[in-house]
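Understanding the architecture of this molecule
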Amino acid sequence: MHWVKADSSDFGGDLPIARSGHTAVNVKSKVVVFGGFADKRFLDNISVYDTENRLWYVPECSVNGSGPSPRAFHVAIAIDCNMFIFGGRAGNKRLGDLWMLDTEIWQWSELTSFGDLPSPREFAAVSAIGTRKVVMYGGWDGKKWLSDVYVMDTMSLEWTELSITGSVPPARCGHSATMVEKRLLVFGGRGGSGAIMGDLWALKGLIEEENETPGWTQLRLPGQPPAARCGHTITSGGHYLLLFGGHGFGGWLSRYDIYYNDCVILDRVSAQWKKMSTNNEPPPPRAYHSLTCINNRFLLFGGFDGKTTFGDFWWLVPQDDPIAKRRIVIPSIPSENELPASSNDSKESETKEREEENEEALIMELANKLGISISSKKDENIVHETLDKELIELSSRFTGENLPTRDHTAGIQAVREHWRNCSASSIQIQELDPILRDYKRLIVHRHLRNLQCGATNNEEFRFFHLKKASQLRMNDIPNLLDEYKRLISC
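An account of the accompanying structure is given in this report. (Residues numbered from 1 in each chain as written. Predicted model: local features only at pLDDT ≥ 70, side-chain atom pairs only at ≥ 80, totals over all residues. Heavy atoms only, no water.)

So, the overall build of the chain
Put simply, the test is: Helix and strand assignments come from DSSP, with helices taken as H or I runs of at least 4 residues and strands as E runs of at least 2, each series counted from the N terminus. Each residue's exposure class comes from its accessible area (1.4 Å probe, protein chains only) as a fraction of the maximum for that residue type: buried when under 20%, exposed when over 50%, partly exposed otherwise. Whether two residues touch is decided by their heavy atoms; if any such pair falls within 4.5 Å, the residues are in contact.
Counting its regular elements, the chain contains 6 helices and 32 strands. Counting across all 490 residues of the chain, residues that qualify as buried make up 49%. Taking the intrachain contacts of the chain between residues at least 6 apart in sequence as the baseline, contacts between residues at least 24 apart amount to 57%.

Here you go:
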């Protein structure tokens, strides 16, 4: 298998913002993303990926009354064309409401269920039993870890708490629960006293036709089992289950949890754990992300690593997939010392070095005026435009060809023209870092011109101090684009 970071050619439309603790479920030919947590706030928005047209969009949902409140760490499951969500957290409040989204008419309905109603909770896990029922296990109610099992009939909306005798798993939250034929497999999670677990349990007695007495069995499978963790995902991929990510305990000498980006397979045929080998760089470690299966591809979105909330997309694809191949055929850009040098090139190089020395001093002067700290002109945020690899990749896509090193200027101008004419809502996530770097580059160039002609400029540039686009808030993007357009028009 091969990890490939998604780029602007993979998707169209309005991509979802960065988040963690959201849900993403397959509904027919769509992936529906709901809720989550980002920028210190809980979310209630929906983003839909149309897998056939490779398009992200935000549906206009009608609702009987008000829709679901913002939340994260809830559970979601698809039955036919409907998505059901239960529980989660908003602020310090655990939720126990049940909602259904009909994806054919995009209508929310709050459901009144009956029977053995589960208590409000977050970090539970849910799975579908056939085409009508769902099973939910565990979670955290704000005071204790839970180990109860509930089955809900989505037609009658009746909840039934299973009475289970014999050995049972320790109560937990942040685990995974996946139906495999007649058994519910539960792995990992965080339990009593905050311990993070790596055990695997199977629950029988969920299929009425089998007439089995409900009961738990701890499984100790051979192979290469994953490390103890919670906040991971387990996604079905045909004859195997794919485990990715999560976080674990860093050890007694560590103050922090450790985050994972490994892939471990539970092979359903041989009934053993296997480490999945990937022959390239995996995504950054994370937990509380989503990983959905689309045909024979897996799509990773979002998550959190203890510091950063992710908004990136990654594909995990077979070796022969066109997405994997495109990363191999892209020719590398030769470095300057690999290009044949002429006497004119040598003179131009000496002149450029002198210009760069002067430019570095002027950049430091600009930084002082703006009251920010820049260690050097060689800071990657102010690298020369022809050495900005992400900008060069964008220019290749806009011009439709891989240009030789000396012809990058035309491609860069095409990218800038695109940014000059586009709206903030059409900017792709992958474009934010290049546009921020180019914004800073243009400010420096403008300052240099003003110094050379003795002009003064008192314009305020609010984002020059940022090092990465991940520091931008969503409402900053239109303002950044407005300032960028002023700079590019000068």
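Once you've had a look at it, read on.
With respect to the sheet that holds strand β30 (residues 290-294)
Operational definition: Here, strands pair whenever DSSP counts at least two bridges between them. Geometry is summarised by axes, namely lines fitted to C-alpha atoms with helices restricted to the contacting stretch, and by angles between N-to-C directions that run from 0 to 180 degrees.
Taken together, 4 strands build an open sheet; the order of strands is β1-β32-β31-β30 and the sheet is antiparallel. Every other strand in the sheet has two partners, leaving β1 (2-5) and β30 as the edge strands with one partner each. Neighbour-to-neighbour, the strand axes of the sheet open up by a mean angle of 25 degrees, direction not taken into account. In the sheet, β30 pairs with strand β31 (residues 297-301) via 5 bridges, with the strands oriented antiparallel.

Some details on the packing of aromatic side chains
Short version of the rule: Aromatic rings from Phe, Tyr and Trp, taking only the six-membered ring of Trp, are treated as a pair when their centres fall within 6.5 Å; an angle between ring planes under 30 degrees marks them as stacked, one over 60 as edge-to-face, and anything in between as tilted.
Throughout the structure, instances matching the rule amount to 24 aromatic pairs. A ring pair is formed by Tyr150 and Trp159, whose centres lie 6.2 Å apart and whose planes are at 90 degrees; its orientation type is edge-to-face. Residue classification places Tyr150 among the buried positions, given a relative accessible area of 6%. On the numbers, 5.7 Å between centres and 85 degrees between planes, the contact of Trp419 with Tyr484 is edge-to-face.

Considering the pairing of strand β16 (residues 133-140)
Burial within β16 is extensive, with 8 of its 8 residues counted as buried. Here strand β15 (residues 125-129) runs beside β16; their pairing, made up of 5 bridges, is antiparallel. Paired with Ala128 across the two strands is Val134, which belongs to β16. Counting the residues in the hairpin turn of β15 and β16 gives 3 residues, including Gly130, whose phi is positive at 65 degrees. Both β16 and strand β17 (residues 145-153) contribute to a ladder of 7 bridges, which runs antiparallel. When the sheet's bridge partners are listed, Trp140 is paired in β17 with Trp145. Remark: 4 residues form the turn of the hairpin made by β16 and β17, two consecutive strands paired antiparallel; Gly142 in that turn has positive phi of roughly 100 degrees.

Some words on the sheet that holds strand β11 (residues 82-90)
Taken in spatial order, the 5 strands line up as β9-β13-β12-β11-β10 in an open sheet, and their pairing is mixed. Of all the strands in the sheet, the pair left with one neighbour each is β9 (62-63) and β10 (75-79). Relative to strand β13 (residues 107-110), β9 runs parallel, the two sharing 2 bridges. Its bridge partner lying in β13, Ser62 is registered against Gln107.

Examining the pattern of salt bridges
Cut-off, in case you're wondering: When a carboxyl oxygen of Asp or Glu is within 4 Å of a side-chain nitrogen of Lys or Arg, the pair counts as a salt bridge.
For the structure shown, the criterion picks out 24 salt bridges. One salt bridge in this structure joins Asp262 and Lys275, with 3.9 Å as the shortest N-O distance. Residue Asp262 is found in the loop between β27 (258-259) and β28 (263-267), and its partner Lys275 is found in strand β29 (residues 272-275); the two are separated by 13 residues along the sequence. Owing to a relative accessible area of 42%, Lys275 belongs among the partly exposed residues under this scheme.

As for the nonpolar core
To keep things clear, this is the line we draw: Only buried Ala, Val, Leu, Ile, Met, Phe, Trp, Tyr and Cys residues count toward a nonpolar core, and they belong to the same one when joined by side-chain atoms within 4.5 Å.
Counting 28 residues, the largest nonpolar core has Trp419, Ile427, Ile435, Tyr439, Phe463, Leu480 and Tyr484 as its most contacted members. Mapped onto this core, the elements with two or more residues apiece are α3 (389-399), α4 (408-421), α5 (432-453) and α6 (477-489). When residues of this core are assigned to their parent elements, the largest contribution, 8 residues, is made by α5. Judged by nonpolar contacts, the second largest core, of 17 residues, contains Ala6, Val33, Leu299 and Phe313.

A closer look at α6
What counts here: To estimate how far a helix should extend, the number of its residues minus one is multiplied by 1.5 Å. This arc is taken over the directions from the axis of the helix to the C-beta atoms.
Look at α6: 18 Å from first C-alpha to last across 13 residues, which is about the 18 Å you get at 1.5 Å a residue. Looking at α6, one finds that the buried residues are Ile477, Leu480, Leu481, Glu483, Tyr484, Leu487 and Ile488. End-on, the buried residues of α6 take up no more than an arc of 165 degrees, which puts them together on one face.

Some details on the environment of Asp14
Tracing the backbone shows Asp14 in the loop between β2 (12-13) and β3 (23-27). In this structure the C-alpha to C-alpha distance between Asp14 and Ser47, which are 33 residues apart in sequence, comes to 8.0 Å. Sequence-distant contacts of Asp14, that is, excluding residues within four places in its chain, are made with Trp56, Tyr57 and Ser425.

Brief notes about the pairing of β29
Here β28 runs beside β29; their pairing, made up of 4 bridges, is antiparallel. Opposite Leu266, over in β29, you have Trp273 as the bridge partner. Here β28 hands over to β29 after 4 residues, with Ala271 in that stretch at a positive phi of 55 degrees.

Remarks on the side chain of Thr154
The criterion, for reference: Throughout this description, a polar contact denotes any pair of N or O atoms lying within 3.5 Å of each other; where both atoms belong to protein, one of them has to be capable of donating a hydrogen while the other can accept it, and for residues adjacent in sequence the pair is counted only when both atoms sit in side chains.
Of note, Thr154 is situated in the loop between β17 and β18 (158-161). In terms of polar contacts, Thr154 uses its side chain to reach the backbone carbonyl oxygen of Arg132, at 2.5 Å. Sequence-distant contacts of Thr154, that is, excluding residues within four places in its chain, are made with Ile79, Phe84, Arg132 and Val134.

Looking at the side chain of Arg416
Counting through the fold element by element, Arg416 comes out in helix α4. Of the polar contacts made by the side chain of Arg416, one reaches the side chain of Asp438; its length is 2.8 Å.

As for unusual backbone geometry
The residue Glu181 is not glycine, and still its phi comes out positive at about 55 degrees. One non-glycine residue, Tyr288, lies in positive phi territory at about 55 degrees. Mapped onto the elements of the fold, Tyr288 is located in the loop between β29 and β30.

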